[in-house]
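# Fold and geometry: a report
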Amino acid sequence: MDNQLKSNLTSSKHWLRFLYMVFFIVCLSAARFVMWILVCLQFFVALVNGVDNPNLRRFGETLCEYIYQALRFLTYNSDEKPFPFADWPQPKEDQPLEGEVEVARPEPAEDRANNEDDVK
């Protein structure tokens with residue numbers, strides 16, 4: 001047997017990564033289950049209220065990011081282990097989520113009156 005192959009087969013580094021990979025495959029299965037619950041819940045909320053729930057949408061965004069991080073680790077595109085060995089992904093605060101619109105609030109009546117005086 002080739003020395004390099006023998007060294008690789010007996011390397012604890014590879015076997016430890018294999019154990020992490022098995023763990024993250026289990027985590028992805030759980031994340032898949034949670035995603036289905038989230039999808040169904042968000043559908044029924046939107047059906048009843050006419051709009052989706054932004055908190056569920058944000059959680060969905062972070063869950064998608066977690067799944068992406070786990071897949072990157074499993075495919076050897078990253079050596080960083082995702083949650084629970086790192087922090088849970090945070091939603092992007094600098095931009096609204098897709099489809100999210102900032103609603104302008106009406107000014108109080110006295111502020112509108114003051115602004116109208118300024119215009120005249």
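Residues numbered from 1 in each chain as written. Predicted model: local features only at pLDDT ≥ 70, side-chain atom pairs only at ≥ 80, totals over all residues. Heavy atoms only, no water.

### Quick word on the packing of aromatic side chains
Applying the stated criterion to the full structure yields 11 aromatic pairs. Measuring from centroid to centroid gives 5.3 Å for Phe 83 and Trp 88, while their planes differ by 90°, and the two rings are edge-to-face. Given the relative accessible area of 36%, Phe 83 is considered partly exposed. Residue classification places Trp 88 among the partly exposed residues on the basis of a relative accessible area of 27%. Of note, Arg 17 hangs over the ring of Phe 73, and the distance from its end group to the ring centre comes to 4.1 Å. Here Arg 17 stacks its cationic end above the ring of Tyr 76, 4.0 Å away from the centre of that ring. (Phe/Tyr/Trp six-rings, centres within 6.5 Å; stacked < 30°, edge-to-face > 60°. Buried < 20%, exposed > 50% of the residue type's maximum accessible area, 1.4 Å probe, protein only. Lys NZ or Arg CZ within 6 Å of the ring centre and 35° of its normal.)

### Some words on the nonpolar core
Membership of the largest hydrophobic core comes to 14 residues, with the highest contact counts inside it found for Phe 24, Tyr 66 and Leu 74. Elements represented by at least two residues in this core include exactly α2 (12-49) and α3 (54-74). At 8 residues, the largest contribution of residues to this core is made by α2. Leaving out residues up to four positions away in the same chain, Tyr 66 has contacts with Phe 24, Cys 27, Ala 31, Pro 82, Phe 83, Trp 88 and Pro 89. (Core = buried A, V, L, I, M, F, W, Y, C linked by side-chain atoms within 4.5 Å. Helix = DSSP H or I, 4+ residues; strand = E, 2+ residues; numbered from the N terminus. Contact = heavy atoms within 4.5 Å.)

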